[in-house]
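# Survey of secondary and tertiary structure
Residues per chain are reported as follows:
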Amino acid sequence: MTGSLIIRPFEPADEADLVDICLRTGAAGEDASHLYASPTLLADVYATPYARHDPSLALVVDNGRRAVGYVLATADTRAFAQWFSGTWWPSVRPDPVVPSDAALVTSADDPERMLLADVDRYPAHLHIDLLPEAQGRGLGRRLMGQTFDRLRERRVPAVYLALDPANTGAGVFYERLGFTPLLTSNPNGSVRGLDL
């Protein structure tokens, strides 16, 4: 426990909070509400499917009223990508697609987007987002540590993540955790990996 904030397993009742957190942190750590016509689209790509696919790899920070942060992971990116493109995305994909949402929908339509050059070396991947009230209190490090432990229990050798290069604070945080750029997957260093 850190103040009134605790880390706990994800529960289905947290889904609306996941959507809100994802949208409020979706523009390089800042609020992305103004960028998308659909308030659920960003989470439909980067949050909710992870919690649905493997809830045991979903943790939230709870302030006593709601979730204010999360880490969501998949232990097997290849299996997740297949499930996402074959089952999840067809069930939530918007139709018609409005112009403000088109680039994200086009990206999500690509079943290969998660299968980076390094995916076999780094088979797991994750997403972490914290609202401001949960930042700067060591909760991100604790969330990541608990997720790494869960992945190790499954004998997953390594994990990757992608970040927006504009989110310099996240870049520093990941570097402190030991993540290093996977330049074969993305030459600009926005994809980073960590051996577990």
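Coordinates for the structure precede this section.
Residues numbered from 1 in each chain as written. Predicted model: local features only at pLDDT ≥ 70, side-chain atom pairs only at ≥ 80, totals over all residues. Heavy atoms only, no water.

A tally of helices and strands in the protein yields seven helices and seven strands. The secondary structure elements of the protein, listed N-terminal to C-terminal, are β-α-α-α-β-β-α-α-β-α-β-α-β-β. In terms of its C-alpha atoms, the protein occupies a principal-axis envelope of roughly 45 × 40 × 30 Å. Per-residue burial for the protein yields a buried fraction of 48% across its 196 residues. Working note: accessible area of the protein is about 9300 Å², and carbon and sulfur atoms make up 52% of it. Distance between charge centroids for the protein: 7 Å, based on 18 positive and 25 negative side chains. (Helix = DSSP H or I, 4+ residues; strand = E, 2+ residues; numbered from the N terminus. Buried < 20%, exposed > 50% of the residue type's maximum accessible area, 1.4 Å probe, protein only. Areas by Shrake-Rupley, 256 points an atom, 1.4 Å probe, with all protein chains shown as cover. Lys, Arg positive; Asp, Glu negative; His and termini not counted. Charge placed at Lys NZ, Arg CZ, Asp CG, Glu CD.)

With that settled, the discussion passes to the sheet that holds strand β7 (residues 191-195). Here we have seven strands laid out as an open sheet, ordered β1-β2-β3-β4-β5-β7-β6, and mixed in their pairing. Whereas interior strands pair on both sides, the edge strands pair on one side only; in this sheet they are β1 (6-9) and β6 (180-181). Two strands pair when backbone bridges link them, and strand β5 (residues 158-162) and β7 are joined in this way by five bridges, in the antiparallel orientation. Note on β7: the bridge partner recorded for Ala158 is Asp195. Helix α1 (residues 15-24) contacts β2 (58-62), β3 (67-74) and β4 (124-130) of the sheet and is inclined by roughly 90° relative to β3. Along the sheet, helix α4 (residues 77-92) contacts β3, β4 and β5; its crossing angle with β4, the most-contacted strand, is approximately 70°. (Pairing = 2+ DSSP bridges. Contact = heavy atoms within 4.5 Å. Axes fitted to C-alpha atoms, helices over the stretch in contact; angles between N-to-C directions.)

From the geometry alone we can't say anything about function, so treat these as descriptive.
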